[in-house]
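Below, each chain spelled out in residue letters.
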Amino acid sequence: MGTDLHELLRSLRVWDPAVTELPPFDPATAPGDPLPLFTRWFADAVAAGQSEPHTVSLATSDARGLPDVRIVMLHGADADGWSFATHADSRKGRHLAARPYAALVFYWPALGRQVRLRGPVTVAPAEEARADLHARSTGALAAALTGRQSADLDSPDELARASQEAWERAGREPETPVPSWTLYRLVPDEVEFFQGEARRRHVRLAYRRAEDGGWDTRSLWP
């Protein structure tokens, strides 16, 4: 007997009080810059036991303007932007070369929170990308050395061989460079904080870059 997808969807609920806390959020108390608020919310998500709070949806578009989205890991957030990394010759790397503009969405259901960002994307200096990669695990280096991300795969055996060779090299040469590995930074023009509320009176606070480089803020209807 097959699964009735619509029936299954209707059976689901969001923000179950048994596993979700919806903290109050007063936009009047928010700082003038979105980065401190993001840092606080990220720390709250970690403290709440949110699984993989550093994963984020990254949306890009190709040279024709067609959109694509996938999950990546946040590598950092500071005055230079929100950072993530990939191979320059991967699909998202090619997208960013053609259209260096993207959007990020964090979702932390343990607290009923989202953070959305969009803006231009810059490439960090190569030495920063190397330092970022080599500060990570052997597995991360092995995955980077395996390479060929988004290319067609002829067989699982081909991947197994390439991965085994990459793991051996990563263990043997932990400082080996991966020239295609690139650290990107999204410098937001807009940042929106969304706090869910049990009666659906959700709180949305939008930061928008002002002409002087500062931030304007406004509340949005749910």
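First, a word on scope: everything that follows refers to the structure included in this document. (Residues numbered from 1 in each chain as written. Predicted model: local features only at pLDDT ≥ 70, side-chain atom pairs only at ≥ 80, totals over all residues. Heavy atoms only, no water.)

The subject of this paragraph is the environment of Ala103. Considering the arrangement of structural elements, one finds Ala103 in strand E5 (residues 101-108). Judged by relative accessible area, Ala103 falls into the partly exposed class, the value being 24%. For Ala103 and Arg116, which are 13 residues apart along the polypeptide, the C-alpha to C-alpha distance reads 7.3 Å. Setting aside anything within four residues of it in sequence, one finds Ala103 in contact with Ser57, Leu58, Ala59, Leu117, Arg118 and Leu186. (Helix = DSSP H or I, 4+ residues; strand = E, 2+ residues; numbered from the N terminus. Buried < 20%, exposed > 50% of the residue type's maximum accessible area, 1.4 Å probe, protein only. Contact = heavy atoms within 4.5 Å.)

Empty space within the largest pocket amounts to approximately 550 Å³. His87, Ala143, Ala144, Gln149 and Trp181 are, among the 29 residues lining the largest pocket, the residues nearest its centre. When residues of the lining of the largest pocket are traced back to their parent elements, those giving at least two are strand E2 (67-73), strand E4 (81-87), helix H5 (138-146) and helix H6 (156-172). Counting residues per element, the lining of the largest pocket draws most heavily on H5, which supplies six residues. For the lining of the largest pocket, the residue count by class is 15 nonpolar, eight polar and six charged. (1 Å grid on protein atoms, 1.4 Å probe; cavity = no way out; pocket = protein on both sides within 12 Å on 5 of 7 lines; lining within 4 Å. Points joined across faces, edges and corners; volume = space filled by probe spheres on them. Nonpolar A, V, L, I, M, F, W, Y, C, P; charged D, E, K, R; others polar.)

Extensive coverage of strand E7 (residues 181-186) is indicated by the burial of six of its six residues. Along E7, one buried face is formed by Trp181, Leu183 and Arg185 and the opposite face, lined by Thr182, Tyr184 and Leu186, is buried too. Pairing of E4 with E7, which is carried by six bridges, proceeds in the antiparallel orientation. Each bridged residue has a counterpart across the sheet, and for Phe84 the counterpart in E7 is Tyr184. Bridge count for strand E6 (residues 113-123) against E7 is three bridges, and the pairing is antiparallel. Pairing of Val121 across the sheet is with Leu186, part of E7. (Pairing = 2+ DSSP bridges.)

Another aspect to go through is the pattern of salt bridges. Within the structure shown, the criterion is met by 13 salt bridges. For the salt bridge of Asp132 with Arg136, the shortest nitrogen-to-oxygen distance reads 3.3 Å. By relative accessible area, Asp132 is classed as buried at 14%. The residue Glu192 makes a salt bridge to Arg204 at a minimum N-O spacing of 2.7 Å. Of this pair, Glu192 sits in strand E8 (residues 190-195) while Arg204 sits in strand E9 (residues 203-209), and the two are 12 residues apart along the sequence. On the accessibility criterion, Arg204 (19% relative accessible area) is buried. Among the charged side chains, a salt-bridge network with shared partners connects Asp68, Arg70 and Arg91. (Salt bridge = Lys/Arg side-chain N within 4 Å of Asp/Glu carboxyl O.)

Next up on the list: the side chain of Ser61. The topology assignment puts Ser61 in strand E1 (residues 55-61). For Ser61, a relative accessible area of 17% corresponds to the buried category. Look past the residues within four positions of Ser61 in its chain and what remains in contact with it is Leu66, Pro67, His95 and Arg99.

This paragraph deals with a nonpolar patch on the surface. Nonpolar side chains collect at one region of the surface, where Leu5, Leu8, Leu9 and Leu12 lie side by side and expose about 390 Å² of accessible area between them. Here Leu5 lies in helix H1 (residues 5-11). (Patch = residues over 30% accessible without salt bridge, like charges linked within 9 Å, V, L, I, M, F, W, Y side chains within 5 Å. Areas by Shrake-Rupley, 256 points an atom, 1.4 Å probe, with all protein chains shown as cover.)

Between its first and last C-alpha atoms helix H2 (residues 34-47) spans 20 Å; for 14 residues at 1.5 Å apiece the expected length is 20 Å, and the two agree. If you check the start of H2, you find a side-chain oxygen 2.8 Å away from the backbone N of Leu35, and it comes from Asp33. Once H2 ends, the next one or two residues include Gly49, with phi positive near 80°. (Expected span 1.5 Å × (residues − 1). Polar contact = N/O pair within 3.5 Å; in protein donor to acceptor, adjacent residues only side chain to side chain.)

All right, on to the nonpolar core then. Formed by 29 residues in total, the largest nonpolar core has its most connected members in Phe106, Val115 and Phe193. Those elements that place two or more of their residues in this core are H2, E1, E4, E5, E6, E7, E8 and E9. Ranked by the residues each element gives to this core, the list is headed by H2, at five residues. Phe193 has contacts with Phe25, Pro34, Leu37, Phe38, Trp41, Gln114, Val115, Val203, Arg204, Leu205 and Tyr207, leaving out every residue within four places of it along the chain. Within the second largest apolar cluster, 12 residues are counted, among which are Ala85, Ala129, Ala166 and Ala170. (Core = buried A, V, L, I, M, F, W, Y, C linked by side-chain atoms within 4.5 Å.)

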